[in-house]
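Examining the three-dimensional arrangement
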Amino acid sequence: MLHIVNKSPHERNCLASCLAHAREGHAVLLIEDAVVAATRGSAASLAAVPAGVSLYVLAPDLQARGLASQLAEGIRAIDYRGFVDLVAAQPRVQSWL
Amino acid sequence: MFVNRKAPYGSVYALEGLEVVLISAAFDQDVSLAFIDDGVYQLVKGQDTKAAGMKNFSPTFRALEGYDIEKLYVEREALEARGITEADLLVEVRVLGRGEMAALMDEQDVLIGF
């Protein structure tokens, strides 16, 4: 499963709830305002990532916010092509609105 | 599976979600509903929107059975965090722990969140 989160963890609980339901083999992609969770300063928001869950962030959204240089370790930055590849690679998608 | 995570009335998500559920049923889809986070507030008994001047759509949940929508799952942790018990809910549901809910989501063909 590919989980997509688009809200800041400082504003909503979408990311926390997503991580609480993610399972081994799943991928979590942070887009739009959720990209702030991928920065070193917000590391606490990703403290509860279950084992075997891979993390991605949409680079254009990170760059738009001037946060590209603050990307935390263990999170892969991808472009729109990578986004499509992720969707294609996972059997289902869940958007955490 | 429709995943409901928002309380009713504060935004249009809950009502719109319910509309989509009914439309799916009209197209003979095998529909199930999950209620997690604030979504559990949608099922609380005794909603009275008269004074607030809004449409109370909670009775519709009781009508779902008539559309063959009988798979309603509520997350135990969400109820507990809000001090709500199964007896406070207006329809019969299956209460699942978070791990069971995650496993159930993992079995679905399609997940749509509201």
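It should be emphasised that the depicted structure is a prediction, and the values quoted were computed from it without experimental measurement.

1. Section: the interface of chain A and chain B
Across the contact, 11 residues belong to chain A and 13 residues belong to chain B. Of all elements in the fold, only helix H1 (14-21) and strand E5 (93-96) of chain A reach the threshold of two or more residues within the side of chain A that touches chain B.

2. What to know about the sheet that holds strand E3 (residues 71-75) of chain B
All names here are of chain B. One open sheet holds the 5 strands; their spatial order is E4-E3-E2-E1-E5, and the pairing between them is parallel. Looking at which strands have only one partner, the edges of the open sheet turn out to be strand E4 (94-96) and strand E5 (112-113). As judged from the 2 bridges shared by strand E1 (residues 2-4) and E5, these two strands associate in the parallel manner. In the sheet register, Val3 faces E5, and the bridge partner there is Gly113. Running over the sheet, helix H1 (residues 13-26) touches E1 and strand E2 (32-35) and is turned about 160 degrees from E1.

3. Details of H1(B)
Residue and element names in this part refer to chain B. In this model H1 runs 20 Å from its N-terminal to its C-terminal C-alpha over 14 residues, within 8% of the 20 Å that 1.5 Å per residue would give. Within H1, burial applies to Ala14, Gly17, Leu18 and Val21. Looking down the long axis of H1, one finds its buried residues gathered within 100 degrees of arc, a one-sided arrangement. Facing away from the buried side of H1 by more than 90 degrees, the exposed set consists of Glu16, Ile23 and Ala26.

4. Describing the sheet that holds strand E3 (residues 54-58) of chain A
Residues and elements named next belong to chain A. What the 5 strands build is an open sheet, ordered E4-E3-E2-E1-E5; its pairing is parallel. At either end of the open sheet lies a strand with only one pairing partner, and these are strand E4 (75-78) and E5. Between one strand axis and the next, the sheet turns by 25 degrees as a mean value, whatever way the strands run. Where E3 and E4 come together, 4 bridges link them in parallel fashion. Each bridged residue has a counterpart across the sheet, and for Leu55 the counterpart in E4 is Ile75. Strand contacts of H1: strand E1 (2-5), strand E2 (27-30) and E5, with the helix running at about 170 degrees to E1, the strand carrying the most contacts.

5. Comments concerning the confidence of the model for chain B
Per-residue confidence for chain B gives a mean pLDDT of 97, with 100% of residues at or over 70. Reported confidences for the modelled complex are a pTM of 0.94 and an ipTM of 0.88.

About the cut-offs
- Throughout this description, residue numbers start from 1 for each chain and increase along the sequence as written.
- Throughout, the order in which chains and ligands are written sets their labels, letters from A for the former and numbers from 1 for the latter.
- For this predicted model, a pLDDT threshold of at least 70 governs which residues receive local features, and a threshold of 80 or more governs which side-chain atom pairs are given and counted, while totals over whole chains, interfaces and linings are taken from all residues.
- We call two residues in contact when the distance between their C-beta atoms, placed using the backbone, is within 7 Å.
- Helix and strand assignments come from DSSP, with helices taken as H or I runs of at least 4 residues and strands as E runs of at least 2, each series counted from the N terminus.
- We treat two strands as partners when DSSP finds at least two bridges between them.
- Lines fitted to the C-alpha atoms define the axes, with helices restricted to the stretch that makes contact. Angles between their N-to-C directions range from 0 to 180 degrees.
- What a helix should span is 1.5 Å times the count of its residues minus one.
- In this scheme every C-beta is placed from the backbone, and a residue whose C-beta has 20 or more other C-beta atoms within 10 Å is buried, one with 12 or fewer is exposed, and one in between is partly exposed.
- Taken from the helix axis, the directions to the C-beta atoms give the arc we talk about.
- What pLDDT conveys is the predictor's confidence in a given residue, as a value from 0 to 100.

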